[in-house]
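Results of the structural survey
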Amino acid sequence: MDTIELSVEKFITGQQAASKKQVPPARLKKNASLPVITVCLEPGSGGRLIADELAKRLNFTLFDKNILTTMANMAAVESKSLDTIEQQRPSGIQDFITSLVDNNYVYTGDYVSFLKQQVEIIGKLGRAVIVGRGANFILPPKDKFSIRIIAPLDIRIRNVSFKNGVPLAEAKKRIRNREQRRKTFIRETFHEDIADIMHYDLILNTARMDLETAVESIIGAIVGSQAHRTFEKETSYILKGKR
């Protein structure tokens, strides 16, 4: 095991803590495999709240912004340099110009390379929930359970407005900007459409679903898939044996 993998494993060990609402061990089969859970969300859908609660219930490590810390260690730069890339998604020309004035700047291509390495290591170690960053496009099907969290635009606008204390028009603008950056990143990096439903194992619409219901729905799907060992297969045929 190399230094990078040891660093990630140390981080996971340090982050894991028991939760009062943890899923009882008896509900999850002891020796069955559990994949990494990837959460792709529409801005304002409540996806981060769901991911956080899901990680606590399963006693998994949550990787969101904190993934930048270990990536920064790999790149030997400050995590804020990687955060800038995530926020701005610069083009190749912007990459070049910024690198001339910032010695700590990380090229977008290098960022993607570090990201893929990081996610692959997390996939090997398991017991993790990864929010965004194209993780579901990096890990193979058998190593992940991919979730997409969505909600109608008007509800997401109200959520963002309430959370950030901004007018509805500003909330809508922020949502559109984030959606465009994420869509562009996935298309340019993985040549895929982030909104294509075929990329996900489970899609939840939080329009009429509270936090507890959403988390329980995901856990139910995980427990059922684990019981039938579907995580060990590339594909599962739902009509097999039903003739």
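Residues numbered from 1 in each chain as written. Predicted model: local features only at pLDDT ≥ 70, side-chain atom pairs only at ≥ 80, totals over all residues. Heavy atoms only, no water.

1. With respect to the overall build of the chain
For the record, the criterion: Numbered from the N terminus, helices here are DSSP runs of H or I no shorter than four residues, and strands are runs of E no shorter than two. Type-normalised accessible area, obtained with a 1.4 Å probe on protein chains alone, sets the label of each residue: buried when under 20%, exposed when over 50%, and partly exposed for intermediate values. Note on contacts: a residue pair is in contact if any heavy atoms of the two residues lie within 4.5 Å. Computed by Shrake-Rupley with a 1.4 Å probe, the accessible areas treat only the displayed protein chains as cover when residues are assessed.
In terms of helices and strands, the chain carries ten helices and five strands. Each of the 243 residues in the chain was classed as buried or not, and the buried ones make up 43%. Considering only contacts within the chain whose residues lie at least 6 apart along the sequence, 72% involve residues at least 24 apart. Of the accessible surface of the chain, which amounts to about 13900 Å², a share of 53% is contributed by carbon and sulfur atoms.

2. Details of the pattern of salt bridges
What counts is decided by this rule: Only one rule defines a salt bridge in this text: a Lys or Arg side-chain nitrogen within 4 Å of an Asp or Glu carboxyl oxygen.
For the coordinates displayed, the defined rule picks out eleven salt bridges. Here Glu 42 ties to Arg 156 by a salt bridge, and the two come within 3.4 Å at their closest N and O atoms. Of this pair, Glu 42 sits in the loop between β1 (36-41) and α2 (47-58) while Arg 156 is found in helix α8 (residues 153-164), placing the two residues 114 residues apart along the sequence. The pair formed by Glu 42 and Arg 156 is uniform in burial state, with each residue classed as buried. Glu 212 is the salt-bridge partner of Arg 57, the closest N and O atoms lying 3.4 Å from each other. Residue Arg 57 is found in helix α2, and its partner Glu 212 is found in helix α10 (residues 211-227); the two are separated by 155 residues along the sequence. For Arg 57, a relative accessible area of 7% translates into the label buried. Classification of Glu 212 by relative accessible area gives partly exposed; the value is 35%.

3. Side note on the nonpolar core
Spelled out, the test is: Working definition of a nonpolar core: buried Ala, Val, Leu, Ile, Met, Phe, Trp, Tyr and Cys residues. They are joined through side-chain atoms within 4.5 Å.
Formed by 22 residues in total, the largest nonpolar core has its most connected members in Ile 37, Leu 54, Val 129 and Ile 218. Those elements that place two or more of their residues in this core are β1, α2, β3 (128-131), β4 (144-150), β5 (202-205) and α10. Among the elements that take part in this core, α10 stands out by supplying six residues, more than any other. In contact with Ile 37, other than residues within four places in its own chain, are Leu 54, Leu 58, Phe 60, Ala 128, Val 129, Ile 130, Phe 145, Ile 147 and Ile 222. Listed in part, the 20 residues of the second largest apolar core include Ala 135, Phe 137, Ile 138 and Ile 194.

4. Digging into the pairing of β1
The condition that has to hold: Should DSSP find at least two bridges between two strands, the strands are regarded as paired.
Across the six residues of β1, six count as buried, placing the element largely inside the fold. Burial of the side chains of β1 extends over both faces: Val 36, Thr 38 and Cys 40 are buried on one face and Ile 37, Val 39 and Leu 41 on the other. Taken together, the six bridges between β1 and β4 define a ladder with parallel strand orientation. Within β4, the residue paired with Leu 41 across the bridge is Ile 149. Where β1 meets β3, three bridges bridge the pair, whose relative direction is parallel. Residue pairing across strands places Thr 38 opposite Ile 130, the latter belonging to β3.

5. Some details on the packing of α2 against α10
How we decide: Between N-to-C directions, angles span 0 to 180 degrees; the directions come from axes that are lines fitted to C-alpha atoms, helices contributing only their stretch in contact. In what follows, roughly perpendicular refers to angles from 65 to 115 degrees, roughly parallel to angles under 35, roughly antiparallel to angles over 145, and oblique to any angle outside these ranges. Left-handed describes a crossing in which the near helix is turned anticlockwise from the far one by less than a right angle; the clockwise case is right-handed. All amino acids are sorted into three groups, where Ala, Val, Leu, Ile, Met, Phe, Trp, Tyr, Cys and Pro are nonpolar, Asp, Glu, Lys and Arg are charged, and the leftover types, Gly among them, are polar.
For the pair α2 and α10, the least separation of the axes is 10 Å and the interaxial angle reads 55 degrees. Relative to α10, the element α2 lies oblique. For the crossing formed where α2 meets α10, the hand is right-handed. For the pair formed by α2 and α10, the contact residues are Leu 49, Ile 50, Glu 53, Leu 54, Arg 57 and Leu 58 on the first element and Leu 211, Glu 212, Ala 214, Val 215, Glu 216, Ile 218, Ile 219 and Ile 222 on the second. For the contact of α2 with α10, a count of residues per class yields ten nonpolar, no polar and four charged.

6. A look at the confidence of the model for the chain
The predicted coordinates ought not to be read in detail in places where the model reports low pLDDT. The test is simple: For every residue, the predictor assigns a confidence score, pLDDT, that lies between 0 and 100.
Per-chain confidence: the chain averages 76 in pLDDT, with 62% of residues scoring 70 or above. In the model, residues 15-20 has pLDDT below 50 throughout and makes eight contacts with residues more than four positions away in sequence or in other chains. Across residues 88-106 the pLDDT falls below 50, and counting only partners more than four positions away or on other chains, this stretch makes 26 contacts in the model.

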